[in-house]
Amino acid sequence: MSKRKVTKAIFPVAGLGTRFLPATKSIPKEIMTLVDRPLIQYAIDEARAAGIKEFIFVTSRGKSALEDYFDRAPELESSLKKAGKEQLLDILKDTNMDSGAIAYLRQDRPLGLGHAVWCARRMIGNEPFAVLLPDDVIAAEKPCLQQMVEAYEQTGGNMVAAMEVPPEKASAYGVLDIGEDMGSIVKAKGMVEKPKAEEAPSNLAVIGRYILSPKVMTNLNKMKHGAGGEIQLTDAIAEEVANGEVYGFRFRGQRYDCGSKAGFLQATVAFGLARPDLRDEFNAYLHDMVALQKAAQ
Ligand code: G1P
């Protein structure tokens, strides 16, 4: 069992975001805003809280807005400074990255999540690494990846975030075959990507947070095509089950699927209600709205 500090994270952001067309015709879906912050900012903040120091983005054509987002904006900064808008300058600080802490790689062909992660192999080298899928936004008192890093300190190996889903939804996810259930940590005896409903080994689904050993990168070298004809990250992780080194982690928090319109709307409501500056007005509006809906029925 190998254990080391996790300081590198991969953010696969090459997807076309076709579910959000026409919005995603000219903006990457990771730049779409939840309240007033782009989706990607939530994932970056979570990674930072977990101790990540190097941020690797796997991008594709049309994602330059992402690179600009994390760049300094000298003109904007100096005009805010002149206007004495210190609060706004503070907000901008969250978007700044230390020099050399962020890297962008291109995935040249859309061959799947496993392939996107594999594109970062040279930057990962022989170290454990995290993967965060920005579509999965997780509201939690202690950020999800931080919870996982703490659990990983006990287990080592490979750890995936996991959550019980309604059984009929399991085929939309990677699904764990539970070997030993220790409560928040589950030792997996198998893992399968998007199983047919009747073949799902459980309803414990993989959510987009991973801490992986470099062996998973080596497994990805095989370029094995899996579910949907894509190179699947799940398959490369599943190969480590034989070594007894794959764990599911039932995180404490609420996950929103911001890759779907309904999930994005739910997240918008939840994050809006959680904001002290918006809560009262928004809450009152939602109450009125629900009352109107009921009256109309
Ligand atoms: C990906 C992974 C899947 C995981 C899911 C979580 O699937 O391949 O194993 O359960 O993210 O959101 P996708 O949603 O990209 O099809």
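As shown above, the structure is provided for reference.
Residues numbered from 1 in each chain as written. Predicted model: local features only at pLDDT ≥ 70, side-chain atom pairs only at ≥ 80, totals over all residues. Heavy atoms only, no water.

A. Local environment of the overall build of the protein. Broken down by element type, the protein carries eleven helices and 13 strands. Compactness check: the protein gives a C-alpha radius of gyration of 20 Å against a globular reference of 19 Å for 297 residues, within 12% of the reference. Across the 297 residues of the protein, 46% fall into the buried class. Long-range pairs, those at least 24 residues apart, make up 75% of the contacts in the protein between residues at least 6 apart in sequence. In the structure as shown, the protein presents an accessible area of about 15300 Å², 53% of it carried by carbon and sulfur atoms. (Helix = DSSP H or I, 4+ residues; strand = E, 2+ residues; numbered from the N terminus. Rg over C-alpha atoms; globule rule 2.2 N^0.38 Å. Buried < 20%, exposed > 50% of the residue type's maximum accessible area, 1.4 Å probe, protein only. Contact = heavy atoms within 4.5 Å. Areas by Shrake-Rupley, 256 points an atom, 1.4 Å probe, with all protein chains shown as cover.)

B. Highlighting the site of the ligand. If you check the shell around the ligand, you find 13 residues, and the closest are Asp136, Gly174, Glu193, Lys194 and Val206. In the model, an oxygen atom of the ligand is placed 2.6 Å from a nitrogen or oxygen of the Val206 main chain. Protein coverage of the free-state accessible area of the ligand, which is 380 Å², stands at 74%. Of all the elements, strand 11 (residues 204-212) adds the most residues to the shell around the ligand, at three residues. Taken together, the residues that form the shell around the ligand break down as five nonpolar, four polar and four charged. (Near = heavy atom within 4 Å. Polar contact = N/O pair within 3.5 Å; in protein donor to acceptor, adjacent residues only side chain to side chain. Nonpolar A, V, L, I, M, F, W, Y, C, P; charged D, E, K, R; others polar.)

C. Here's a closer look at the nonpolar core. Counting 39 residues, the largest nonpolar core has Phe11, Phe55 and Phe57 as its most contacted members. Counting only elements with at least two residues in this core, the list comes to strand 1 (8-12), helix 1 (39-49), strand 4 (54-59), strand 6 (129-132), helix 7 (144-155), strand 8 (158-164), strand 11 and strand 12 (246-250). Not counting the four nearest positions on each side in its chain, Phe57 is found in contact with Phe11, Val13, Ile40, Ile44, Leu66, Phe70, Ile102, Ala103, Tyr104 and Leu105. By size, the runner-up hydrophobic cluster in this structure holds 32 residues, among which are Trp118, Phe129, Tyr210 and Leu233. (Core = buried A, V, L, I, M, F, W, Y, C linked by side-chain atoms within 4.5 Å.)

D. Layout of the environment of Glu150. You can see Glu150 is positioned in helix 7. For the pair formed by Glu150 and Ala50, sequence separation is 100 residues and the distance between their alpha carbons is 8.9 Å.

E. Region of interest: unusual backbone geometry. The amide bond that connects Leu21 to the next residue, Pro22, takes the cis arrangement and shows omega of 5 degrees. Within the secondary structure, Pro22 is located in the loop between strand 1 and strand 2 (33-34). Positioned with a positive phi, Val35 is a non-glycine residue whose angle comes to about 65 degrees. Mapped onto the secondary structure, Val35 falls in the loop between strand 2 and strand 3 (37-38). Judged by its relative accessible area of 28%, Val35 is partly exposed. Positive phi outside glycine occurs at Lys194, with the angle close to 40 degrees. Relative to the elements of secondary structure, Lys194 occurs in the loop between strand 10 (185-193) and strand 11.

F. Summary view of the packing of helix 10 (residues 261-273) against helix 11 (residues 279-296). At a minimum axis distance of 8 Å, the contact between helix 10 and helix 11 shows a crossing angle of 130 degrees. When the axis of helix 10 is compared with that of helix 11, the two are oblique. Facing Thr268, Val269, Gly272 and Leu273 of helix 10, the residues of helix 11 in contact are Arg279, Phe282, Asn283 and Leu286. Of the residues that constitute the contact of helix 10 with helix 11, the class distribution is four nonpolar, three polar and one charged. (Axes fitted to C-alpha atoms, helices over the stretch in contact; angles between N-to-C directions. Parallel < 35°, antiparallel > 145°, perpendicular 65-115°, else oblique.)

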